[in-house]
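# Remarks on the overall topology
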Amino acid sequence: MVEADELRTFMESTARNAGAVLMSYFGRLEAGDIDFKGRRDLLTVADRAAEELIVAAISERFPDHSILAEEAASTDPSASEKASAAKGYHWIVDPLDGTTNFVHQLPMFAVSIGLFKNDQPVAGAIYAPRLDELFFAHEGKGAILNGKPIQVSKTTELLDSLLATGFAYRVGEIAENNLDHFCHLIPRTRAVRRCGSAAMDLAYTACGRFDGFWELELSPWDVAAGAVLIREAGGVVTDMNGGDDWLFGRSIAAANHGLHPVVLAALNRT
């Protein structure tokens, strides 16, 4: 069993160290430093370097734990990767969530590190190095931002809510592209933001800056840490059908207990 204080120290220091790697490349990328996983899906040397640091740190400190890291994983996690997450301690890592923002020198990008045990969330850390904001949560111990406790918002009316969402890189190629949900909710809310990092959208929902968040076509590394934050900050996390398949099910909806069913009803037109 990993002690909570030990885990916090390790995850926070690892996230900060990975963030320092990202910042060493921020604003300094050259053409040869950027690759494409898809027409719009970017991959940089910074992603790879930060992931190598995180994986090395976990492997050294917890050699018997398994790791699912974005750049080393398949686009669609395999059955074996899902099975690993359901057995023992399992880390789910996104070394740079918001790569497009990073390339364009926008501050909305983050390191995301989640820890699960037997398919259940244990802890999550999200670090936005350009903003120097470090979010951390541990099961049963609440959520914090730079060491101070955070909670989800208390907004329960859809018209009073500020929501966040995002779109898949293949938005023009897939049927479930989220555009209909986006257009449906814009006139029914105070506003809907699209910041370009699911990890930060979830972290901002956890601390009450956003009242809720939903998105389709996400991978486990996009949501693993942020979901822990929201649950420990007093919120609810489900898939878009209201079920529990938010980690590998490729959709997520998160908000406080009062607003969550309202958002789900609006998304599903019920």
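Here the structure is shown first, and the text comes after it.
Model, not experiment: these values are computed from the prediction.

## A look at the packing of aromatic side chains
Following the criterion strictly, the structure yields 10 aromatic pairs and no others. Taking the centre distance of 5.2 Å and the plane angle of 90 degrees together, the rings of Phe10 and Phe62 count as edge-to-face. With Phe10 in helix H1 (residues 4-25) and Phe62 in the loop between helix H2 (45-61) and strand E3 (66-69), the pair connects residues that are 52 residues apart, well separated along the chain. Here Phe10 matches Phe62 in class, with each residue buried. On the numbers, 6.3 Å between centres and 50 degrees between planes, the contact of Phe116 with Trp246 is tilted. Separated by 130 residues along the polypeptide, Phe116 in strand E5 (residues 110-117) and Trp246 in the loop between strand E13 (235-238) and strand E14 (251-256) bring together distant segments of the chain. For the cation-ring pair, Arg209 lies above Tyr204, with the distance from its terminal atom to the ring centre recorded as 4.5 Å.

## A word on the packing of helix H6 (residues 198-206) against helix H7 (residues 220-232)
One way to put it is that H6 packs onto H7 with a least axis distance of 8 Å and a crossing angle of 0 degrees. As far as their axial angle goes, H7 and H6 are roughly parallel. Of H7, the residues touching H6 (which contributes Ala198, Ala199, Leu202, Ala203, Thr205 and Ala206) are Asp222, Val223, Gly226, Ala227, Leu229 and Ile230. Of the residues assigned to the contact of H6 with H7, the class counts are 9 nonpolar, 2 polar and 1 charged.

## Re the layout of surface pockets
Of the voids in this model, the second largest pocket is the one considered here, and its volume is about 180 Å³. Lining the second largest pocket, in full, are Asp119, Gln120, Pro121, Arg231, Val237, Asp244, Asp245, Trp246, Leu247 and Phe248. Of the residues belonging to the lining of the second largest pocket, the class tally is 5 nonpolar, 1 polar and 4 charged.

## Quick notes on the sheet that holds strand E6 (residues 120-128)
The 7 strands lie next to each other as E3-E4-E5-E6-E7-E8-E9, forming an open sheet whose pairing is mixed. Because the sheet does not close on itself, it has two edges, and the strands there are E3 and strand E9 (148-150). The average angle at which neighbouring strand axes cross in this sheet is 20 degrees, direction not considered. Pairing of strand E8 (residues 143-145) with E9, which is carried by 3 bridges, proceeds in the antiparallel orientation. Following the sheet pairing, Ala143 is matched in E9 by Ile150.

## Describing the packing of H1 against H2
Packing of H1 against H2 leaves a shortest axis separation of 9 Å and a crossing angle of 155 degrees. Between H1 and H2, the angle is such that the two are roughly antiparallel. For H1 against H2, the interelement crossing comes out right-handed. Along the contact surface, H1 presents Glu6, Phe10, Thr14, Asn17, Ala18, Val21, Leu22 and Tyr25, while H2 presents Val45, Ala46, Ala49, Ala50, Leu53, Ile54, Ala57, Ile58 and Arg61. The residue inventory of the contact of H1 with H2, partitioned by class, reads 13 nonpolar, 2 polar and 2 charged.

## Digging into the environment of Gly140
Looking at where Gly140 falls in the secondary structure, it is placed in the loop between strand E7 (133-138) and E8. Measuring from C-alpha to C-alpha, the distance between Gly140 and Arg231 comes to 9.3 Å, with 91 residues separating the pair along the chain.

## A word on H1
In a regular helix each residue adds 1.5 Å, so 22 residues correspond to 32 Å; H1 covers 32 Å between its end C-alpha atoms and thus fits that length. What H1 keeps buried is the set Ala4, Leu7, Phe10, Met11, Glu12, Thr14, Ala15, Ala18, Gly19, Val21 and Leu22. Following H1 by one or two positions, Gly27 has its phi on the positive side, about 75 degrees.

Analysis parameters
Residues numbered from 1 in each chain as written. Predicted model: local features only at pLDDT ≥ 70, side-chain atom pairs only at ≥ 80, totals over all residues. Heavy atoms only, no water. Phe/Tyr/Trp six-rings, centres within 6.5 Å; stacked < 30°, edge-to-face > 60°. Helix = DSSP H or I, 4+ residues; strand = E, 2+ residues; numbered from the N terminus. Buried < 20%, exposed > 50% of the residue type's maximum accessible area, 1.4 Å probe, protein only. Lys NZ or Arg CZ within 6 Å of the ring centre and 35° of its normal. Axes fitted to C-alpha atoms, helices over the stretch in contact; angles between N-to-C directions. Parallel < 35°, antiparallel > 145°, perpendicular 65-115°, else oblique. Contact = heavy atoms within 4.5 Å. Nonpolar A, V, L, I, M, F, W, Y, C, P; charged D, E, K, R; others polar. 1 Å grid on protein atoms, 1.4 Å probe; cavity = no way out; pocket = protein on both sides within 12 Å on 5 of 7 lines; lining within 4 Å. Points joined across faces, edges and corners; volume = space filled by probe spheres on them. Pairing = 2+ DSSP bridges. Left-handed = near helix turned anticlockwise from the far one by under 90°. Expected span 1.5 Å × (residues − 1).

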